[in-house]
Amino acid sequence: MNPGGGGGFIVGSGMSTLGDESNSVVASGVDTAARNLFVRVSETPTSLFPNTGLRIILYVNHSPTSLSCVINAPATTCWNTSDSASVPAGATLSILAETLTDVEEVPLVTFGYDLVSE
């Protein structure tokens, strides 16, 4: 995570609190690529943490990838359609919700990405 920032990993589906990378899912049994990340939050970032934003990063096998985006108020969405991340067969996928300052609470986050054949 960002030194001086707050946040944590979110689960792939359902409601949860922020946690560690145990909030991960196992990917497909074949090699794929993750693309087209889309993220929506339930409220603007400044309503919870003024003067900052929220960064969402896809992790593959406990390592950050370039598939990420940042939501800065007044926006409630972000997307990344230009980057992709290789996802080996059986890899674990995690999503990090990271505030850009030292705040631990984040709004409800909805996200999605495509897994496509390489």
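In case you missed it, the structure is sitting above this.
Here's a quick rundown of the structure. (Residues numbered from 1 in each chain as written. Predicted model: local features only at pLDDT ≥ 70, side-chain atom pairs only at ≥ 80, totals over all residues. Heavy atoms only, no water.)

1. Considerations on the nonpolar core
- One finds Val 39, Ile 56, Leu 58, Val 87 and Val 109 to be the most contacted residues of the largest nonpolar core, which totals 22 residues.
- The set of elements that each furnish at least two residues to this core consists of β3 (32–41), β4 (53–60), β5 (63–72), β6 (77–87), β7 (92–99) and β8 (109–117).
- Discounting chain neighbours no more than four positions away, the residues touching Ile 56 are Leu 37, Val 39, Leu 67, Ser 68, Cys 69, Ile 95, Leu 96, Ala 97 and Val 109. (Core = buried A, V, L, I, M, F, W, Y, C linked by side-chain atoms within 4.5 Å. Buried < 20%, exposed > 50% of the residue type's maximum accessible area, 1.4 Å probe, protein only. Helix = DSSP H or I, 4+ residues; strand = E, 2+ residues; numbered from the N terminus. Contact = heavy atoms within 4.5 Å.)

2. Here we look at the state of the cysteines
- Applying the stated criterion to the full structure yields 1 disulfide.
- Between the sulfur atoms of Cys 69 and its disulfide mate Cys 78 the distance is 2.0 Å. The S-S bond linking Cys 69 to Cys 78 shows a torsion near 50°; that makes this disulfide right-handed.
- For Cys 69, a relative accessible area of 6% puts it in the buried group. (Disulfide = S-S within 2.5 Å.)

3. A closer look at unusual backbone geometry
- Even without glycine at this site, Asn 36 takes up a positive phi of about 55°.
- The residue Asn 36 is located in strand β3 in this model.
- The phi torsion at Asn 61 lies on the positive side, around 50°, for a residue other than glycine.
- In this fold, Asn 61 is placed in the loop between β4 and β5.
- The exposure class of Asn 61 is partly exposed, given its relative accessible area of 37%.

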